[in-house]
Every structure is written in C-alpha cells, then in structure tokens.
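# Descriptive analysis of the structure
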Amino acid sequence: MLECLAHAGIGRVPRTHVAIEITIAGAVAVERCDESDLPAGWDHSDQRVARHFGDAWIRERRSAVLVVPSVVARREGNVLLNPQHPDFKRIIAASPEAVVWDARLFGRH
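A short tour of the structure in this document, coming up. Fair warning: this is a prediction, and the values are worked out from it, not measured in the lab.

Criteria and thresholds
Residues numbered from 1 in each chain as written. Predicted model: local features only at pLDDT ≥ 70, side-chain atom pairs only at ≥ 80, totals over all residues. Heavy atoms only, no water. Helix = DSSP H or I, 4+ residues; strand = E, 2+ residues; numbered from the N terminus. Contact = heavy atoms within 4.5 Å. Expected span 1.5 Å × (residues − 1). Buried < 20%, exposed > 50% of the residue type's maximum accessible area, 1.4 Å probe, protein only. Polar contact = N/O pair within 3.5 Å; in protein donor to acceptor, adjacent residues only side chain to side chain. Core = buried A, V, L, I, M, F, W, Y, C linked by side-chain atoms within 4.5 Å. Salt bridge = Lys/Arg side-chain N within 4 Å of Asp/Glu carboxyl O. 1 Å grid on protein atoms, 1.4 Å probe; cavity = no way out; pocket = protein on both sides within 12 Å on 5 of 7 lines; lining within 4 Å. Points joined across faces, edges and corners; volume = space filled by probe spheres on them. Nonpolar A, V, L, I, M, F, W, Y, C, P; charged D, E, K, R; others polar.

Relative to the helices and strands, I92 is located in strand β6 (residues 91–93). Sequence separation between I92 and I24 is 68 residues; the distance between their C-alpha atoms is 6.7 Å. Discounting residues that sit within four places of it in the chain, I92 has contacts with E21, I22 and T23.

Have a look at this one:
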C-alpha cells in the first residue's frame, strides 16, 4: 500500500484501487531477497536496475513468488507473482475488494 502512495503522485484519493488476498501453497516456489541480494541501484528513483532484475526473474522462471524489500519502507516487503512460472496456477486469489484510503494521506482534505 505504501508503494502505491509513493508512486501514485495523483494528489487525490484513488477511487479504483482494489486489493486481492492470495493463498500460496506450501509447495509453491518462493524466493526471498534482502537488500544484500539485490543489485546496486535497486532502490534508486530511476527504476531501470530494479526493472532489469525483475524482468530477468520473470524470464528465468526461478520462482512463482519473489519477496523483496520495499523501497519506501525497508522493514516491509513486496510480493511479486510470476505468471510465467508453472506454479503460478497454484496461487489462489480471493475476490477483489475495494481499497478504502484515508483522505489525510493525500494532502488537504
């Protein structure tokens, strides 16, 4: 959610965001990276390094799930899903639910 706030830049409460809860079976391949596993520059505002890393992860099909640190809140993680990995079909998604944002997060209210 913080990543959305950091990158939205829209200055108003989003009206169309949804959240989807997923269930990942124990046998599904999950790769976890901490900052030391990521290439230099993964957290720069120029996102080319991070995108290159993510594109390679998808292309190589190393895992169905990749957990990486959040750039905006380092103690948090972001979960990426690889639709090209064979285990992707084993990830179960619930129905989308609307995200309710607090207007105070978007400046004047």
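For the rest of this paragraph, the subject is helix α2 (residues 48–60). Residue pairs three or four apart in sequence face the same way in an α-helix, which turns once every 3.6 residues. Taking 1.5 Å per residue, 13 residues should reach 18 Å; α2 reaches 18 Å between its end C-alpha atoms and fits that length. Buried residues in α2 make contact with β3 (30–32), β4 (65–69) and β5 (77–81). Just past α2, the residue R61 takes up positive phi, approximately 55 degrees.

Position of S70 among the secondary structure elements: in the loop between β4 and β5. Here S70 falls in the buried class, since its relative accessible area comes to 3%. Within the structure, the side chain of S70 is placed 3.2 Å from the backbone nitrogen of V72, a separation counted as a polar contact. Leaving out residues up to four positions away in the same chain, S70 has contacts with E3, W42, E76, G77 and N78.

In terms of nonpolar packing, the biggest core is built from seven residues, these being C33, L38, W42, F53, W57, L66 and V68. Elements supplying a minimum of two residues to this core: α2 and β4. Of all hydrophobic cores here, the second largest spans five residues; its members include V28, V65, V67 and I91.

Tallied over the entire structure, the rule returns seven salt bridges. Two residues, R62 and E31, come together in a salt bridge whose shortest N-O distance is 3.0 Å. Of this pair, R62 sits in the loop between α2 and β4 while E31 is found in strand β3, placing the two residues 31 residues apart along the sequence. Owing to a relative accessible area of 34%, R62 belongs among the partly exposed residues under this scheme.

Here we take up the layout of surface pockets. Looking at the largest pocket, its volume works out to about 600 Å³. W42, A50, V68, V71 and L80 are the residues nearest the centre of the largest pocket, which is lined by 24 residues in total. Element by element, the count of residues in the lining of the largest pocket is highest for α2, at seven residues. In the lining of the largest pocket, the residues fall into 14 nonpolar, six polar and four charged.

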